[in-house]
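Residues per chain, in single letters:
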Amino acid sequence: METQIGNLSLLFLLLLLGSNLSSVLSWKKEEFRTCNQTPFCKQARHRSPGSCALVAHDVTIVNGELTAKLLPKENHENPDQDQSKPLILSLSVYQDGIVRLKIDEDPKLEPRKKRFEVPDVILPELDDKKLWLQKLSTEEDSSLSVVYLSDGYEVVLRHDPFEVYVREKEGKRRVISINSHGLFDFEQLKVKKEGEEWEERFKGHTDTRPYGSQSISFDVSFYDADFVYGIPEHATSLALKPTRGPGIEESEPYRLFNLDVFEYVHESPFGLYGSIPFMISHGKSRGTSGFFWLNSAEMQIDVLGSGWDAESGISLPSSQGRIDTFWMSEAGIVDTFFFVGPGPKDVVRQYTSVTGRPSMPQLFATAYHQCRWNYRDEEDVENVDSKFDEHDIPYDVLWLDIEHTDGKRYLTWDTTLFPHPEEMQKKLAAKGRHMVTIVDPHIKRDDSYFLHKEASQKGYYVKDATGNDYDGWCWPGSSSYLDVVNPEIRSWWAERFSTEVYVGSTPSLYIWNDMNEPSVFNGPEVTMPRDALHQGGVEHREVHNAYGYYFHMATSDGLVKRGDGSDRPFVLSRAFFAGSQRYGAVWTGDNTADWDHLRVSVPMILTLGLTGLSFSGADVGGFFGNPEPELLVRWYQIGAYYPFFRAHAHHDTKRREPWLFGERRTELIREAVQMRYMLLPYFYTLFREANTSGIPVARPLWMEFPSDEATFSNDEAFMVGNSLLVQGIYTESKAYICLFAWERILV
């Protein structure tokens, strides 16, 4: 690395010395399920390599796609057996080295229901990039079917046992594969037999599971990879650590299940607020590749350590080095994408060409945001605003949390505390500043509340398992939740953001979507029951991880409609899914004021960037707890380089506006914030680059130095664009933070 940054000039920003803060965690691990308490995960983890005996037959080209039927080998030989229902495989290829593999039940055999396919995530224009397959070639006595992918790559379907992989044309070296270890399993929907028990129980909650077990699992291998990354959201290192294998301490899989987890622990594979089932591999010898599974049900993913399959007896068809992973989901179908790279930026570009490029923010949104739960009233707002001017600290956005509303009724104001909301916003706007208010998805069940009254009358709420409006508990008390999976309901919700409906709002007001996992205080694992029902009989288990994505989408569309398409929206969302980058910013949720959370914020933000979410940040200072002055200063100094730069704090914490910690500390915070403003043109340019290419604003070192092995596992430093290298300080009483800048950049 030293040889590659010889041209860099070093800028030292002196930091203040201080003392450490150890937080008292209140995360209750026992309230959330482990893999062993999750039947589909426990069952999948007990599968042995080679247990899949599916054979591909009737392989052909139909309408430009490779298609085949998958049957167990014994059924293929005896097709009259009752259990011989084939799975249908289709394989499509697209420009720029993209492969799509789908596997589902055969609709001609009339399964009990149509399995859920996640809508409105894949860009419609992807179809325009589809390559129309013309021919199918065979190899090795017709046991392999091969189709063209690009000038340097081809896709192979091995028939017996079935396996799909991408390989280089020259040398036939593999890039990425599925089912090389024979771990594929697809539970088809069954008819319940008398006496069978399908219900699941956890912590006093019962999941009726009306369609029984419908899980899917399979192995994915990344060849010539040194590390794998991605699959947010977890408070872990950037390079994903093995969760199973010889000499590996017993671990849970990486869980993808959107949950409201406050004061989460770091270095844990436990799932947090968002889920993006996209993994990237990188290695010195081959480069970078990626794998994405479009599935919004709960997912668990193992990263398998070297030698995990030593006793399996399987002789793999390739001797290449690799990293093996194991993917498990509760429901849905196989709808997967392979991205061949070969470079890090190529893979991110390919992935975002499928799920969408990041939206382009307005300049103000890339500046500094000041937030707290809660600024008390209009006088408090005016005082905080004037203090920024008094202390010569720039800021662009002031935020209001849930207490600004009339009894947690969103799109309303507490008329005692905020009697003149339009005037308040216009005063800020006169200074070029903006306001953000919070709007959560739970709607207070109050017949006098206009949102609830209309949503109830129109039948716009998610239903419970019995078909009644689902009633859960959140900030307002008894609440129902909009069925935003339905496009009609999303359109209705978007119209609520007009200034005529959202009385007291102005064009300078923007929105914050919190609690949209969705969080339900009295629900199983603090979320909506899996057997709740959406439009068309879709179970919540099938769509859970995308619920917040659809709410974010609808809110963003509302701000576009409010401005007649001429105003770029700003909407911050806590929950996210693949494609969320098209609708605004996200943050890492309810972190804690301690050094470990400062440290882990960097790999969390880098991971979000790798998976499309360029506009992300962490609460500067930590949401829970009272940061020691040194920690707060350090956090501002690293937070000034987050793509999304916001300070936020819980209402039980002491006030911590930048001028409250003494003159020297105020000076250091002012310098950090002013540095961000000095770099705003550079940041804005990077946001435009992300908007056109998908390449993130904040980047792992290996994205810019892909052949330098010293960068592959380094997640303490990061690049902002290709010209700034930032090294954070994550322990107390260190002398400085480093910012490296290419000499050619003018800042």
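Residues numbered from 1 in each chain as written. Predicted model: local features only at pLDDT ≥ 70, side-chain atom pairs only at ≥ 80, totals over all residues. Heavy atoms only, no water.

Going by what an unreviewed UniProt entry lists, the protein chain is known as Probable glucan 1,3-alpha-glucosidase and is assigned to Cannabis sativa.

S.K.: Help me get a handle on the packing of aromatic side chains, residues and values and all.
M.R.: Taken as a whole and judged by the stated rule, the model has 48 aromatic pairs. Taking the centre distance of 6.4 Å and the plane angle of 40° together, the rings of W492 and W493 count as tilted. Neither W492 nor W493 differs from the other in exposure class; each is buried. Seen from their ring centres, W493 and F497 are 5.4 Å apart, and the 90° between their planes marks the pair as edge-to-face. Exposure remark for W493: the relative accessible area of 0% places this residue in the buried category. With relative accessibility at 1%, the residue F497 sits in the buried group. Of note, R599 hangs over the ring of Y730, and the distance from its end group to the ring centre comes to 5.5 Å. The ring of W587 carries the charged tip of R646 above its face, separated from the ring centre by 5.0 Å. (Phe/Tyr/Trp six-rings, centres within 6.5 Å; stacked < 30°, edge-to-face > 60°. Buried < 20%, exposed > 50% of the residue type's maximum accessible area, 1.4 Å probe, protein only. Lys NZ or Arg CZ within 6 Å of the ring centre and 35° of its normal.)

S.K.: Summarise the state of the cysteines; cite the residues concerned and give the values.
M.R.: Here the structure, examined in full by the defined rule, presents 1 disulfide. Residue pairing for C35: its cysteine sulfur links by disulfide to C41, the two sulfurs lying 2.1 Å apart. The chirality of the disulfide connecting C35 with C41 is left-handed, given an S-S dihedral of about -100°. By relative accessible area, C35 is classed as buried at 1%. In this structure C41 comes out as buried when scored by relative accessible area, which is 0%. No disulfide involves C52; its sulfur sits 19 Å from the nearest other cysteine sulfur, which is in C41. Sulfur of C474: no disulfide; nearest cysteine sulfur belongs to C371 and is 17 Å away. With relative accessibility at 2%, the residue C474 sits in the buried group. (Disulfide = S-S within 2.5 Å.)

S.K.: Tell me what's going on with the nonpolar core, and back it up with residues and numbers.
M.R.: Inside soluble globular proteins, nonpolar side chains tend to come together where they are buried. Residues L482, W493, F570, Y636 and V720 are the most contacted members of the largest nonpolar core, which totals 145 residues. Summarising the domain contributions, this core has at least three residues from each of domain 1 (39-342) and domain 2 (363-727). Residues L70, F162, F222 and I231 belong to the second largest nonpolar core, which totals 48 residues. (Core = buried A, V, L, I, M, F, W, Y, C linked by side-chain atoms within 4.5 Å. Domains from an automatic or database assignment.)

S.K.: Which residues make up a nonpolar patch on the surface, and what are the values?
M.R.: Taken together, the side chains of W473, W475 and F521 present a nonpolar region at the surface, about 310 Å² in accessible area. Assignment of secondary structure puts F521 in the loop between β29 (509-513) and β30 (533-534). (Patch = residues over 30% accessible without salt bridge, like charges linked within 9 Å, V, L, I, M, F, W, Y side chains within 5 Å. Areas by Shrake-Rupley, 256 points an atom, 1.4 Å probe, with all protein chains shown as cover. Salt bridge = Lys/Arg side-chain N within 4 Å of Asp/Glu carboxyl O. Helix = DSSP H or I, 4+ residues; strand = E, 2+ residues; numbered from the N terminus.)

S.K.: Can you tell me about the packing of helix α11 (residues 629-639) against helix α12 (residues 663-678), naming the residues and giving the values?
M.R.: Two measures define how a pair of helices packs: the angle their axes make with one another and the distance between the axes. In contact at an axis separation of 8 Å, α11 and α12 are set at 10° when each is read in the N-to-C sense. Classed by the angle they form, the pair α11 and α12 counts as roughly parallel. On α12, the residues that touch P629, L632, V633, Y636, Q637 and G639 of α11 are R665, L668, I669, A672, V673 and R676. Among the residues forming the contact of α11 with α12, the class breakdown is 8 nonpolar, 2 polar and 2 charged. (Axes fitted to C-alpha atoms, helices over the stretch in contact; angles between N-to-C directions. Parallel < 35°, antiparallel > 145°, perpendicular 65-115°, else oblique. Contact = heavy atoms within 4.5 Å. Nonpolar A, V, L, I, M, F, W, Y, C, P; charged D, E, K, R; others polar.)

S.K.: Give me the pairing of strand β9 (residues 153-158): which residues, what numbers.
M.R.: Counting buried positions along β9 yields 6 of 6 residues, so the element is predominantly enclosed. In this structure, strand β8 (residues 144-150) lies alongside β9, joined through 6 bridges in antiparallel fashion. Looking at the pairing, S150 lines up with Y153 of β9. Counting the residues that bridge the hairpin from β8 to β9 gives 2 residues. Judged from the 6 bridges that link them, β9 and strand β10 (residues 163-168) form a sheet pairing that is antiparallel. Looking at the pairing, Y153 lines up with E168 of β10. (Pairing = 2+ DSSP bridges.)

S.K.: Tell me what's going on with the pattern of salt bridges, and back it up with residues and numbers.
M.R.: Any two side chains of opposite charge can pair, on the condition that their charged atoms come close. Within the structure shown, the criterion is met by 67 salt bridges. Linking R530 and E330 is a salt bridge whose minimum nitrogen-to-oxygen distance equals 2.6 Å. Of the two residues, R530 sits in the loop between β29 and β30 while E330 sits in the loop between β21 (322-329) and β22 (334-339), which places them 200 residues apart along the sequence. Across the pair, E330 and R530 agree in class, each one buried. Each of R33, E200, D207, R209, R255, E298, E330, E525, R530, E539 and R541 takes part in salt bridges that share partners, so that together they form one network.

S.K.: Lay out the domain arrangement of the protein chain with the relevant residues and their values.
M.R.: When its domains are assigned, the protein chain resolves into domain 1 (39-342) and domain 2 (363-727). Each partner contributes to the interface: domain 1 provides 59 residues, whereas domain 2 provides 59 residues. Each partner contributes to the roughly 5000 Å² buried at the junction of domain 1 and domain 2, and carbon and sulfur atoms together form 59% of this total. Between D207 and R541 there is a salt bridge whose closest N-O contact spans 2.7 Å. For the pair domain 1 and domain 2, the interface holds 32 residue pairs in polar contact (both at pLDDT 80 or more). Elements represented by at least two residues in the side of domain 1 that touches domain 2 include exactly β14 (205-207), β16 (227-230), β17 (254-256) and β18 (278-283). (Buried area = accessible area lost by both parts, 1.4 Å probe. Polar contact = N/O pair within 3.5 Å; in protein donor to acceptor, adjacent residues only side chain to side chain.)

S.K.: Any chance you could break down the UniProt feature "domain: Glycoside hydrolase family 31 N-terminal" (unreviewed entry) in the protein chain for me, citing the residues and the numbers?
M.R.: Summarizing the sequence annotation, UniProt attributes the feature "domain: Glycoside hydrolase family 31 N-terminal" (unreviewed entry) to residues 89-302 in the numbering used throughout. Secondary structure across residues 89-302 comprises 0% helix and 39% strand; the distance between its end C-alpha atoms is 24 Å. (UniProt positions renumbered as here; feature names shortened; annotations may be inferred.)

S.K.: Describe the pairing of strand β24 (residues 397-400), with residues and values.
M.R.: Burial along β24 is two-sided: the face carrying V397 and W399 and the face carrying L398 and L400 are both buried. Pairing of strand β23 (residues 368-370) with β24, which is carried by 2 bridges, proceeds in the parallel orientation. By the bridge assignment, Q370 is partnered in β24 with L398. Between the parallel elements β24 and strand β25 (residues 434-438), the chain passes through helix α5 (residues 421-430) in a crossover that is right-handed. (Right-handed = clockwise from strand over helix to strand, strands pointing away.)

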